[in-house]
Every structure is written in structure tokens, then in C-alpha cells.
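# Residue-level structural notes
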Amino acid sequence: MRRSPDVSPRRLSDISPQLRQLKYLVVDEAIKEDLKWSRSVEDLTSGPVGLTSIEERILRITGYYGYQPWAASYKREERPREPPGLAEAQAPGGAEASGRTSRRRCTCSRAQLHKTFWGVAVVLCVCASWAGSTQLAKLTFAKFDAPFTLTWFATNWNFLFFPLYYAGHVCKSTEKQSVKQRYRECCRFFGDNGLTLKVFFTKAAPFGVLWTLTNYLYLHAIKKINTTDVSVLFCCNKAFVFLLSWIVLRDRFMGVRIVAAILAIAGIVMMTYADGFHSHSVIGIALVVGSASMSALYKVLFKLLLGSAKFGEAALFLSILGVFNIIFITCIPVLLYFTKVEYWSSFDDIPWGNLCGFSVLLLTFNIVLNFGIAVTYPTLMSLGIVLSVPVNAVVDHYTSQIVFNGVRVIAIIIIGLGFLLLLLPEEWDVWLIKLLTHLKVRKKEETVEGGADLGSGPQNRSRRARPSFAR
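Conventions used here
Residues numbered from 1 in each chain as written. Predicted model: local features only at pLDDT ≥ 70, side-chain atom pairs only at ≥ 80, totals over all residues. Heavy atoms only, no water. Helix = DSSP H or I, 4+ residues; strand = E, 2+ residues; numbered from the N terminus. Buried < 20%, exposed > 50% of the residue type's maximum accessible area, 1.4 Å probe, protein only. Contact = heavy atoms within 4.5 Å. Areas by Shrake-Rupley, 256 points an atom, 1.4 Å probe, with all protein chains shown as cover. 1 Å grid on protein atoms, 1.4 Å probe; cavity = no way out; pocket = protein on both sides within 12 Å on 5 of 7 lines; lining within 4 Å. Points joined across faces, edges and corners; volume = space filled by probe spheres on them. Nonpolar A, V, L, I, M, F, W, Y, C, P; charged D, E, K, R; others polar. pLDDT = per-residue confidence, 0-100. Phe/Tyr/Trp six-rings, centres within 6.5 Å; stacked < 30°, edge-to-face > 60°. Lys NZ or Arg CZ within 6 Å of the ring centre and 35° of its normal. Axes fitted to C-alpha atoms, helices over the stretch in contact; angles between N-to-C directions. Parallel < 35°, antiparallel > 145°, perpendicular 65-115°, else oblique.

This paragraph deals with the overall build of the protein chain. Counting its secondary structure elements, the protein chain contains 19 helices and zero strands. Across the 471 residues in the protein chain, those meeting the buried criterion constitute 37%. Of all intrachain contacts in the protein chain linking residues separated by at least 6 positions in sequence, the fraction that spans at least 24 positions is 80%. Taken as a whole, the protein chain presents about 28,600 Å² of accessible surface, with 64% of it coming from carbon and sulfur.

This is the structure:
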């Protein structure tokens, strides 16, 4: 018959004195290995405290003699105390560990804050240089209608990439090398033999052609349509890079990027419909799409044939493109001039300020885009390109007769959304699942804690209300 809960429960040691002898039980090592995760073995070999925990478990499970959770089998004063010396020795160690953890967190947060600050600066620089070069090209064509000559002139400035890189190397690096040593080291990017004539024509010349086509088609499109449409349509090159990488490089298939590619194509169609399929509009849109395609082909072929490049190797490669442009492309502007396709009456009529300004802005854009990864995240750099769209839209609103009808606005939003979806990392779904799981577990823990707090109130009140029989 069960006793009243008010009566203090009996200890199992009083009922069975032989239970005390369990602490002297010798457990075979093989059995210990098999049962190393069992709490029973630990409790049996841990002395009186372990024995007491066994009694508490049995009493808790069976409810023997009205066992109550708050009626501990032994008082807090009966617990073995740690030696004062050990406690004093552990306190400085814990403080030191917590100090190291706080310093590490502080350093990590400072590094992230520093990288984020540089990221904002890079985004603003990319946005300003890209939007500025686009608007300046539009102004240049009002006085100097020669898009290919402007492309050739701006591409020649690529020759400055490696000299600027070497200047930065001399200022920052502790182990300074001569120009010849640095050049030879960067030439290893092309193979064991370095930059040979064969390598120049097989691995550099095709990219020089693609670079020229990309810039020429982009500039020629600015003559046909407004800069807002040109800048937003060029953002589709991100979708073309994904499609070509999936087909040629066998990159990982991602459903969200397929959706982004579909959005880009839908935006192109809607942008064409916005102006009513006029000849200038259709030709201008086709030129921009061709420019985005050439840019995507350039990036995919670079990764296929050359792989990834370090900063010095990328600077040398871009300088080689400038050399290729000077040697082999110079004849084309001359031919266009004498055939009067791109003709100007005298060299005094050329707006050299606009040409040089456009070249400097384009050079700045390429420098930041290629070397900005050293100070910030690649995703932030890509945001600068899409942010140039609203900048161009504001400028066009006050300087041209562009009409932002509903179709054009929806097309801009769709292409921008597709561009942002393409910036998601490959493991974005795993990160999202982890985040949702963490939030779900945290919410469940808060719910359990709230329920425990509510449940502890009446229990504490009943404990306080219970009469005491101790005199």
C-alpha cells in the first residue's frame, strides 16, 4: 500500500543493504567497452554519488513510497566539494578562455565590418564607373559618331593593367621583384613555356576578338536605344554565363538559375514589346543581347581554356589584350575612316575629353571588377552592375524623352530579379534549410521554457503551502 507523499521516502539502501556492495563490483573490461555509453556502468563505479543516483532513478521511475522530485535523497551539503586550490586554479583559466573567445569574436566582427565597408565602396565605384561610362558614351556619339573607333581607343588603355599591378606590388609586397622576374612568374599562367607566339594566337587572340565585339556591340546599341534599356539588357549576360557553363563546363544544375534565365529571356521579349517593335528598337535590343552573349562566351571560354588566374596573371592577360588590340585591330578604324563609315572632318573636331573620360571610366570599371575580390565579396561587386540601371533611368528621365510605361518597368524588374537570383550561391538551399531549422528549434525551446515557467508557478505555491512537521 502506498504511503502518503507527506512522509519522507525510504532509501533503497535501507531496504536492501546489499545494494551498497555494488560499488565494489568488478566489471570486466570487455563489458565496459561494450557498455561504455551506458550510464549504469558509470554510476556503479563512481562511488556513493553514483549509488545515490541509481536510487533516485528507481524511485523516480516507480514512484516508490510517494517519491517527489523535490525531495532529494541527499542534501546539497552532502555533495563532495572540490578542493579550494582546484577551484581557484580553474577560475583564471576560464577567464582566460572567455577572454580569448571575446577577442576572437571582436577580431572576426572587425574583419567582417572592414570587408563590408570595402564592399560598399566597391559597389559604389562599380555602379558609378559603369553608369558614367555609359552616359559619357551617349554624349560622345552626339559629336563623334564612331563606335568602333571609340572601342579601339578605350581597349588600348588595357595596356596599363600590368604596369599598375606592378606598381601596387612594389608598394605592398615585402619581397619585391624586378619587372622581368614578375613578368616571368606571371607568364607561367600560359604554360611551362610561358608566353610564346603559338600561345599568343591560340589563347590570347580569340579573347581579344571577343573583348572588342562585346564593347563594340554595346556602344553601337547606345546609338539605337536609351541607356536604361541597354544597361538592363546587358545584365542578361549573367543568365547566358549560367546556360553556357551548364552546357560546356558541365556545372551543377540549379533550378533557381533556370528560373532566372527564363526571367531574363522574358524580360528581353517584354523590352522589345515596350517600344512597339520598331526597327531601331529591335536592332538596338539585338545588339545588346549580342554584346551580353559575347561577354558570356568570353567568361566561359576563359574558364575552359585558362582556368582561374591570380591578380598578376589577370593583369598580364588584360595587358596582352591591349597589345593585341594595338597591333592587329588598328587597321580596322583606319579602314572605316577611309571608307567613310566612321568619318570625321578633322582631328580637332574629336572630343578628346569625352574619349579619354570614357576610357578612364571603363578602365576603372575593369580594374575594380577584376581586383575588387581582394577586399570584398564577389557578390557585392556584381550588385554594382544592376544598381547602375536605376542610375541610368534617373539620368534618362531628365535628359531624354524616355517613356517608362508599364511594360518597360515590368521588364526592368523581371531582368533585375533574374540577375539577383543568379547571385545566389550554389549551397543557398542548404543554408536556407539550416536557417529555418535553427529558427524552428529556437521557437520550440522558447515554447518549452514558457510552459515550464507556467508549470513551476502552481508547484512552488503548493510547496510553500505544505505544512511542515519538523519541530
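A few words now on the layout of surface pockets. Here the largest pocket is characterised by a volume of approximately 1,900 Å³. What lines the largest pocket is a set of 47 residues, among which Lys238, Val241, Lys299, Leu369 and Asn370 lie closest to the centre. Residue assignment for the lining of the largest pocket shows that the elements contributing at least two residues are helix 9 (197–224), helix 11 (237–248), helix 13 (279–305), helix 14 (311–329), helix 16 (352–371), helix 17 (378–399) and helix 18 (406–422). The leading source of residues in the lining of the largest pocket is helix 13, at seven residues. When grouped by side-chain class, the residues that make up the lining of the largest pocket number 28 nonpolar, 12 polar and seven charged.

As a further point, take the confidence of the model for the protein chain. A low pLDDT means the predicted coordinates there should not be read in detail. Of the residues in the protein chain, 72% have a pLDDT of 70 or more, and the chain-wide mean is 77. Of all helices and strands in the protein chain, the one with the weakest mean pLDDT is helix 3 (residues 39–44) (43), whereas helix 6 (residues 147–156) scores best (95). Note that residues 63–97 has pLDDT below 50 and, in this model, 30 contacts with residues that lie over four places away or in other chains. This model gives residues 460–471 a pLDDT under 50, and the stretch forms four contacts once residues within four places in sequence are excluded.

Glancing now at the packing of aromatic side chains. Under the definition given, this model contains 31 aromatic pairs. Plain terms: the ring middles of Phe117 and Trp118 are 6.4 Å apart, the flat faces sit at 75° to each other, and that makes the pair edge-to-face. A relative accessible area of 58% means that Phe117 is categorised as exposed. The class of Trp118 is partly exposed, set by a relative accessible area of 36%. Measuring from ring centre to ring centre gives 6.2 Å for Phe200 and Phe324, while their planes differ by 55°; the resulting arrangement is tilted. Of this pair, Phe200 sits in helix 9 while Phe324 sits in helix 14, and the two are 124 residues apart along the sequence. You'll find Phe200 and Phe324 in the same group, each marked buried. Through successive ring pairs, a cluster of aromatic residues spans Phe189, Phe190, Phe207, Trp211, Tyr298, Phe302 and Phe317. Sitting over the ring of Tyr343, Lys340 keeps its end group 5.4 Å from the ring centre.

Another aspect to go through is the environment of Pro351. Relative to the elements of secondary structure, Pro351 occurs in the loop between helix 15 (331–338) and helix 16. Exposure remark for Pro351: the relative accessible area of 12% places this residue in the buried category. With 208 residues separating them in the primary sequence, Pro351 and Lys143 have C-alpha atoms 7.2 Å apart. Once residues lying within four places of it in the same chain are set aside, the contact partners of Pro351 are Thr140, Lys143 and Phe144.

With that out of the way, let us pick up the packing of helix 9 against helix 10 (residues 227–234). Two elements in contact, helix 9 and helix 10, have axes whose closest approach is 9 Å; the angle formed by their N-to-C orientations is 150°. In this structure, helix 9 contributes Thr214, Tyr218, Ala221 and Ile222 to the contact, and helix 10 contributes Thr227, Val230, Ser231 and Phe234. By residue class, the composition of the contact of helix 9 with helix 10 is five nonpolar, three polar and no charged.

Here we come to the packing of helix 7 (residues 161–172) against helix 14. One can describe the packing of helix 7 onto helix 14 by two numbers: an axis separation of 7 Å at closest approach and a directional angle of 150°. With respect to their mutual orientation, helix 7 and helix 14 come out roughly antiparallel. Residues Phe161, Phe162, Pro163 and Tyr165 of helix 7 lie in contact with helix 14, whose contacting residues are Phe311, Gly312, Ala315, Leu316, Leu318 and Ser319. A per-class count over the contact of helix 7 with helix 14 returns eight nonpolar, two polar and no charged.

To continue, consider empty space enclosed by the protein. The full count for this structure, using the stated rule, is one cavity of 30 Å³ or more. When its volume is computed, the largest cavity comes out at roughly 50 Å³. If you go around the largest cavity, the residues you meet are Trp130, Ser133, Thr134, Asn215, Tyr218, Leu219, Phe358 and Leu362. For the lining of the largest cavity, the secondary structure elements donating two or more residues are helix 5 (84–141), helix 9 and helix 16.

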